[in-house]
Amino acid sequence: MSSTLSFERVGHGPLSITIRQAVIAGWTGRDRAAVDHHIAELAAIGVPPPSEVPLFYRISAQLLTSETVIQVVDATSSGEVEPLLIDDGETLYLGLGSDHTDRELESHSVALSKQVCAKPVATTLWDYRDVRDHLDDILLRSFVREDPAAEWTAYQDGGVAKIRPLDQLVAACPFAAGDGRLEPGTAMMCGTLGVLSGGVRPARFFRMEMHDPVLDRTLVHEYETASLPAVK
């Protein structure tokens, strides 16, 4: 099953890309000691450890969405700001996505916790070749709030430099095509950052940003979660 999304390609105008396969790259922190510490923290609350690091989770391509409202079951899920790579067969792009995850289900199965949630993505893409030489300068941020009238609270703040080099993730991806590219129609989220304070937690509204200080441009996307009742 595939999904076709519309994007704005900076400097070139609109384009549509058919996503045929989607992958979430997990446990991608560049500091392995920090990754191991996080694995131990999660194990203490019942989240099973990964079988390898990094680990690539397959998800349905239809989960990727540019909608600004996603439906979730109960209020137990939360977003994660992540670099997003998409290859349409002609060009490799860098975008912005959220690996929205069901935290209650995560203690049972990380893979399932990812598969049950939509993955919001920003509607603008950058050519990867334009940023490849300064990826470590690119900054990632996310913010949360419960009330639409409230101020945003900083939730994550860091840089792509905290994530394994994206070229390495491309090469290790199950859909690597060689020569630094992914198979046509592949989308891959590349990992996230730690939470600033208060721990991983659900929030009704999520805002994510990716800022390139070298080319002075920013990708932004906001979305709301609409909770469906957890009928028992």
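My aim in this report is to walk through the structure given alongside it, one point at a time.

**Remarks on helix 1 (residues 32–44)**
Given a rise of 1.5 Å per residue, 13 residues ought to cover 18 Å, and the 18 Å separating the end C-alpha atoms of helix 1 matches this to within 8%. For helix 1, every residue scored as buried is listed here: Val35, Ile39 and Leu42. Down the axis, helix 1 shows its buried residues gathered within 70 degrees of arc, on one side only. Summarising the geometry of helix 1, the exposed residues directed more than 90 degrees from the buried face are Ala33 and Ala44. Its side-chain oxygen at 3.0 Å from the backbone nitrogen of Ala33, Asp31 defines the N-terminal cap of helix 1. Looking one or two residues past helix 1, Gly46 carries a phi angle of roughly 95 degrees, positive in sign.

**Some thoughts on the environment of Glu104**
For Glu104, the location among the structural elements is in helix 2 (residues 103–106). For Glu104, a relative accessible area of 55% gives the class exposed. Considered as a pair, Glu104 and Ser16 are 88 residues apart in the sequence and their alpha carbons are 35 Å apart.

**Thoughts on the environment of Cys117**
Mapped onto the elements of the fold, Cys117 is located in the loop between helix 3 (110–115) and strand 11 (119–120). You can call Cys117 buried: its relative accessible area is 2%. With 94 residues separating them in the primary sequence, Cys117 and His211 have C-alpha atoms 25 Å apart. When neighbours within four sequence positions are excluded, Cys117 is seen to be in contact with Leu63, Ser77, His100, Thr101 and Asp102.

**Observations regarding the sheet that holds strand 6 (residues 69–73)**
Here we have five strands laid out as an open sheet, ordered 6-19-18-13-14, and mixed in their pairing. With partners counted over all chains shown, the strands left at the sheet margins are strand 6 and strand 14 (153–159), one partner each. Neighbour-to-neighbour, the strand axes of this sheet turn through a mean angle of 20 degrees, independent of strand direction. As defined by bridge partners, strand 13 (residues 139–145) adjoins strand 18 (residues 205–212) across seven bridges and the pair is classed as antiparallel. Bridge assignment links Phe143 to a residue of strand 18, and that residue is Arg207.

**Considerations on the packing of aromatic side chains**
Two measures describe an aromatic ring pair: the distance that separates the ring centres and the angle between the ring planes. The full count for this structure, using the stated rule, is two aromatic pairs. Between Tyr155 and Phe206, the ring centres sit 6.4 Å apart and the planes meet at 80 degrees, which makes this aromatic pair edge-to-face. Note that Tyr155 is positioned in strand 14 and Phe206 in strand 18, a separation of 51 residues in sequence. With relative accessibility at 2%, the residue Tyr155 sits in the buried group. Since its relative accessible area comes to 3%, Phe206 is described here as buried. Judged by centre distance (5.5 Å) and plane angle (45 degrees), the ring pair of Phe206 and Tyr223 falls under tilted. Remark: Tyr223 occurs in strand 19 (residues 217–228) and Phe206 occurs in strand 18; sequence separation between them is 17 residues. Summarising the burial analysis for this pair, Phe206 and Tyr223 share the class buried.

Rules and cut-offs
Residues numbered from 1 in each chain as written. Predicted model: local features only at pLDDT ≥ 70, side-chain atom pairs only at ≥ 80, totals over all residues. Heavy atoms only, no water. Helix = DSSP H or I, 4+ residues; strand = E, 2+ residues; numbered from the N terminus. Expected span 1.5 Å × (residues − 1). Buried < 20%, exposed > 50% of the residue type's maximum accessible area, 1.4 Å probe, protein only. Arc of directions from axis to C-beta. Polar contact = N/O pair within 3.5 Å; in protein donor to acceptor, adjacent residues only side chain to side chain. Contact = heavy atoms within 4.5 Å. Pairing = 2+ DSSP bridges. Axes fitted to C-alpha atoms, helices over the stretch in contact; angles between N-to-C directions. Phe/Tyr/Trp six-rings, centres within 6.5 Å; stacked < 30°, edge-to-face > 60°.

Remember, this is a structural readout, not a statement about activity or role.
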